[in-house]
Amino acid sequence: MKRGFLPPMILLVIVFVFLMLLPIIFSEFFPAFKWLMMAYFCIMIYLFVKRILGSGIVTLVVSGILIYIFVYQLLYIFAAAYILYLIVGLGLSGIIVFGLPSGGLGRKAGAVK
Amino acid sequence: MDPLTIIASLNPIDWILKPVTNIMDTVNLLILGFKIVVLLFIVQFVRGRFGGGPIVTILILVLGYVVLFSNLAPILSTAMFIYLFIIFGFSMLVMDLAIAKPWARGGGAEEEGHMTGKEYSERLAKGRARMRF
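Presented here is an overview of the structure given in this document. What you see is a predicted model, and the numbers here were worked out from it, not measured in a lab.

1. Quick look at the overall build of chain B
Right, on to step 1. Of the regular secondary structure elements, chain B holds seven helices and zero strands.
Right, on to step 2. Sequence-ordered secondary structure for chain B, helices as α and strands as β, is α-α-α-α-α-α-α.
Right, on to step 3. By residue count, 6% of the 133 residues in chain B fall in the buried class.

In structure tokens form, the structure reads like this:
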């Protein structure tokens with residue numbers, strides 16, 4: 001393992017974990033955020049199922065099951081996974097991955113020249 | 001009170017087993033949810049290629065059974081999971097970390113990223129001067 005690999009890697013993991021924990025922290029401090037998040041996930045799951053199965057009873061049943069599992073039972077896991085999906089899907093991971101080590105955390109300041 | 005009775009009343013096995021069973025419950029629920037999502041992806045895939053109709057429904061059921069419940073399920077589910085990872089863009093993150101190595105010290109690309117405008121223009125001027133001679 002090369003020197004200088006581990007600390008930035010740990011830092012990246014910590015940053016990603018912190019970002020994933022943000023919705024959980026917010027929902028602990030602001031209960032309204034939790035309800036908003038639940039409503040958003042419900043709508044999102046319903047639209048996801050509707051896009052595949054179309055409008056009908058089956059869509060309501062399947063989205064109901066998925067909402068029960070992911071929103072009612074596993075809300076925090078789903079929220080953390082969704083944040084990770086957003087970070088990666090919107091391309092923000094590149095900013096984090098390349099921005100953090102070059103921002104002076106992975107190397108000494110003035111080590112460029 | 002008998003010490004054994006006290007230990008039994010504390011029920012130490014339960015302390016160990018309860019978190020484990022809770023975690024297993026959560027994992028099982030997660031797997032069930034993912035199975036439904038994978039079934040939806042199969043429906044989308046088959047309908048996108050073959051349209052609607054009874055034969056397509058049978059095909060969806062067969063594919064669903066093979067992917068989710070047959071002996072091949074562990075292999076196919078893993079493949080499906082990797083496929084989902086790729087289409088959601090997680091592979092880009094892995095590629096960034098594994099190939100681009102943003103923490104590498106003294107890398108050329110990284111140094112260029114650190115250059116100020118003044119340094120860049122100086123470097124350009126040096127390059128031009130070198131080209132003249």
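Here the narrative resumes.
2. A short note on the environment of I67 of chain A
Residue and element names in this part refer to chain A.
Right, on to step 1. Within the secondary structure, I67 is located in helix α3 (residues 57–73).
Right, on to step 2. Taking the C-beta count within 10 Å as the criterion, I67 has 19 such neighbours and is therefore assigned partly exposed.
Right, on to step 3. Sequence separation between I67 and F41 is 26 residues; the distance between their C-alpha atoms is 7.9 Å.
Right, on to step 4. Filtering out sequence-adjacent residues up to four positions away, I67 remains in contact with C42, I45 and Y72.

3. With respect to helix α4 (residues 73–87) of chain B
Residues and elements named next belong to chain B.
Right, on to step 1. Taking 1.5 Å per residue as the helical rise, α4 with its 15 residues ought to reach 21 Å, and the 20 Å between its terminal C-alpha atoms agrees with that figure.
Right, on to step 2. For α4, a buried count of zero out of 15 residues is recorded, marking the element as mostly open to its surroundings.
Right, on to step 3. Looking one or two places after α4, you find G89, whose phi comes out positive at around 90°.

Parameters at a glance
For every chain, the first residue of the written sequence is number 1, and numbering continues from 1 onward in sequence order. Think of it this way: whatever chain is written first is A, whatever ligand is written first is 1, and the rest follow in order. Thresholds applied to this predicted model are a pLDDT of at least 70 for local features of residues and 80 or more for the giving and counting of side-chain atom pairs; totals over whole chains, interfaces and linings are not thresholded and use all residues. Note on conventions: DSSP H or I runs of at least 4 residues are helices, E runs of at least 2 residues are strands, and numbering of each starts at the N terminus. With C-beta atoms placed from the backbone, a residue counts as buried when 20 or more other C-beta atoms lie within 10 Å of its own, as exposed when 12 or fewer do, and as partly exposed for counts between those limits. Contact between two residues is assigned whenever their backbone-derived C-beta positions fall within 7 Å. By this rule the span expected of a helix is its residue count minus one, scaled by 1.5 Å.

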